[in-house]
Amino acid sequence: MASTSRASRKRVEDAEIFQVLEESTDSDVTIFSSEEDEDGNEPDSDEDGQLDDNSEANEDGGTRTSGPKTPHLKWTNTLNFKELEKYENLSGPKHSLPVGSSEKDFFELFVTNDFYNKVAEETNKYAALSQRKAGTVDNNWEDTNEEEIQAYIGILIYMGLVDLPETEDYFQGDFCVCPIVRQAMTLKRLKKLGQYLHLKDEEERPDQQSADFDILYKARPALDLMDKFTQAYIPGCELAVDEAMIGFKGRFFLKQYLPGKPTKWGIKAWGLADSANGYLLKCDIYKGKKEIRQQDRLLGEQVVLQLTENFWGKWHHIYFDNFFSSTNLMKMLLEQETYSCGTARANRKNWPTEFRKPTVLKLKRGESRKLQHKDVTAVVWQDKRVVLLLSTNSDPRTDGSVTRKTGKGNEEIEIACPQAVINYTKHMGGVDVSDQKREYYGVGRSSKKWWKFILHFVLNVCLVNCFILYDLTNHPPSTAHGNRQVTFRRNLVRQLIGTFTSRKRIGRKRSLPIGTASPKLFHTLQKISGRAKVCALCIEKKKKAPSGRGKQTTYKCKQCDLPLCRVGCFLEYHEQRNVEVQN
């Protein structure tokens, strides 16, 4: 009977089920199994499948608070376009340095003497704290100062230019000659600075339960250096938002895993850069579950709005990839007089229903389909693969063209391409350009401490940005590719280290200040066991034996432990220092 009942039920086609679910406003059924569902749920990961170091069910990352569902937006194939507002600002450096300023002058736009002073102060505090906790005195440690920290940072930059297997190799003259490092400090001193280096007072660190607790407390002084980036440069019209990875494989719960990235393990950061030259304007470290979230926004939406907030109202063009983009984001930016363009995901909320399954459109290579909701245009374009975009800064009524290889040797063909795709391809790579320039040369050596990787990252970004400013200010010849970054860094290292040295000069051993060392003792002569030694006073007076060698004696002062001639020198030496002797 049950079998007959099942057989008599009405069969519903897949398309009808899809339509019913799309039209329903009460259903909690998820249509697509993906990183973001129809209700706007987005897990704490990006398109590359990143995972937190301590992978758990993410309760708050990327989800909206449950509430009344908004109706689907109405999209139309009637395309309109308003003339774009012009970006009026003149881009370029806005510092006061004249043409011909040194590399160090540009570096000090971001890394100043105040920073060196702060690091020296906190390093000395941490060294004292560590010795108190250990209950012992580190006889190999001496307090550092501003000049030494500046030279130390110069050495870290040098190590990125000359990458040797071990730190000891920089001090081995038979393997690799590095005189600028050896002149500045000894290997022991370099290691001691690395051991006690600190940016923030450990004893003043807020409790985890307090409201002002900062998860990046140890690296905060370094991160604050990036606040100066927008003070030295006016960006152009096109800006790009993207993520960057700070490579790190140690233990830190903010560590991320992005299998689709060149740097798979590390600390993730969000960046905003000028698309024209890769100048990084803003950068924020991703804090995972500790991120302060606005629950009515997706993670990508919040990141873009936070990074671009200071640039609203000027009609900038912002570019970002499909992790960040959404129709709501495009509309919010447009309300703030900012255009935007980005690739999209077919399962993202408010994406046109007609484009949910782009392969159903069966487009040929070069063909495209477009729909509009107010000033937001959704584009589906068939290249080798399907490309999905959202845009508010391109005319959807006209297309451009691009060349593609046919696969038959070097033969190329020209195919139609929406203007939004052309603009995105041209201007999206701002953060990638910054990463590329940063990856040419590293800073510092590997460490177990996560905050040192952030310090090295910030110093490297400062180097890239001040190199861009140096290049733009000095106006290299139009026929050249500009100044070379390696030359810029090499000159900067010389200027940071300069003639500094923490080495103690080792000269000829002079007589000791006996009078102050032990004035109450009667000093006596004692026979030297073993070979005779050169008299210390004769060395001072430059007296020599007839053979031309120093005058030798078999006697010494017992209290001073200093070789002295028995006749004359012993008494004269101590009389000069007001020390009584025993005859």
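For the structure itself, consult the block above.
Here is a short report on the structure shown in this document. What you are looking at is a predicted structure, and each value in this text was computed from that prediction instead of being measured.

Below, the discussion takes up the overall build of the protein. When you go through the protein residue by residue, the secondary structure sums to 17 helices and 19 strands. Relative to its 583 residues, the protein shows a buried fraction of 47%. A separation of at least 24 residues holds for 66% of the contacts in the protein among residues at least 6 apart in sequence. Accessible surface, the protein as shown: approximately 31500 Å² in total, 48% of it carbon and sulfur.

Take the sheet that holds strand β18 (residues 555-557) next. By definition, the strands of a sheet pair up through backbone hydrogen bonds, in either a parallel or an antiparallel sense. The antiparallel open sheet is built from three strands, whose spatial order is β15-β18-β19. Every other strand in the sheet has two partners, leaving β15 (525-527) and β19 (562-563) as the edge strands with one partner each.

Looking along a regular strand, one sees the side chains alternate between the two faces of the sheet. Neither face of strand β8 (residues 317-320) is left uncovered, since the one carrying H317 and Y319 and the one carrying I318 and F320 both have all their residues buried. As paired strands, strand β4 (residues 238-247) and β8 are joined by three bridges and run parallel to one another. The residue bridging A240 from the neighbouring strand is Y319, located in β8. Sheet topology note: the β8/strand β9 (residues 339-343) ladder contains four bridges and is parallel. Bridge pairing links I318 to S340 in β9.

Take a negative patch on the surface next. A contiguous patch of negative charge on the surface is contributed by E83, E85, E88 and E337. Mapped onto the fold, E337 is located in the loop between α10 (327-335) and β9. Exposure remark for E337: the relative accessible area of 36% places this residue in the partly exposed category.

The next point concerns the packing of helix α5 (residues 146-161) against helix α7 (residues 187-196). Direction vectors running N to C along α5 and α7 enclose 100°, while the axes themselves pass 12 Å from each other. One finds that α5 runs roughly perpendicular with respect to α7. On α7, the residues touching E148, Y152, I155 and M159 of α5 are R189, L190, L193 and G194. Across the contact of α5 with α7, the residue classes break down as five nonpolar, one polar and two charged.

Right, let's get into the packing of aromatic side chains. The final tally for this structure, using the stated rule, is 20 aromatic pairs. Clustering of aromatic rings is evident, with ring pairs tying together F106, F467, Y470 and F488. One cation-aromatic arrangement involves K255 over W265; the distance from NZ or CZ to the ring centre is 4.9 Å. When the ring centre of F323 is taken as reference, the NZ or CZ atom of K268 above it lies at 5.4 Å.

Along the chain, R297 turns up in the loop between β7 (280-285) and α9 (299-308). R297 sits 32 residues away from L329 along the chain, and the two C-alpha atoms are 9.1 Å apart.

So, on to helix α12 (residues 430-440). Those residues of α12 that sit buried are G430, V431, S434, D435, K437 and R438. Down the axis of α12, the buried set is contained in an arc of 165°. They therefore lie on one face.

Moving on to the pattern of salt bridges. Applying the stated rule across the entire model yields 22 salt bridges. Of the charged contacts, one joins E108 and K104 as a salt bridge, the two residues approaching to 3.9 Å between their closest N and O atoms. Using a relative accessible area of 26% as the deciding quantity, one classes E108 as partly exposed. Where R404 meets D383, a salt bridge forms, and the shortest distance between an N and an O atom there is 3.2 Å. Here R404, found in strand β13 (residues 399-405), pairs with D383, found in the loop between β11 (376-382) and β12 (386-391); they are 21 residues apart in sequence, far enough to count as distant. Bridged by salt links that share partners, the residues K118, E121, E122, K125 and D201 form one connected network.

Cut-offs and rules
- Residues numbered from 1 in each chain as written.
- Predicted model: local features only at pLDDT ≥ 70, side-chain atom pairs only at ≥ 80, totals over all residues.
- Heavy atoms only, no water.
- Helix = DSSP H or I, 4+ residues; strand = E, 2+ residues; numbered from the N terminus.
- Buried < 20%, exposed > 50% of the residue type's maximum accessible area, 1.4 Å probe, protein only.
- Contact = heavy atoms within 4.5 Å.
- Areas by Shrake-Rupley, 256 points an atom, 1.4 Å probe, with all protein chains shown as cover.
- Pairing = 2+ DSSP bridges.
- Patch = residues over 30% accessible without salt bridge, like charges linked within 9 Å, V, L, I, M, F, W, Y side chains within 5 Å.
- Salt bridge = Lys/Arg side-chain N within 4 Å of Asp/Glu carboxyl O.
- Lys, Arg positive; Asp, Glu negative; His and termini not counted.
- Charge placed at Lys NZ, Arg CZ, Asp CG, Glu CD.
- Axes fitted to C-alpha atoms, helices over the stretch in contact; angles between N-to-C directions.
- Parallel < 35°, antiparallel > 145°, perpendicular 65-115°, else oblique.
- Nonpolar A, V, L, I, M, F, W, Y, C, P; charged D, E, K, R; others polar.
- Phe/Tyr/Trp six-rings, centres within 6.5 Å; stacked < 30°, edge-to-face > 60°.
- Lys NZ or Arg CZ within 6 Å of the ring centre and 35° of its normal.
- Arc of directions from axis to C-beta.

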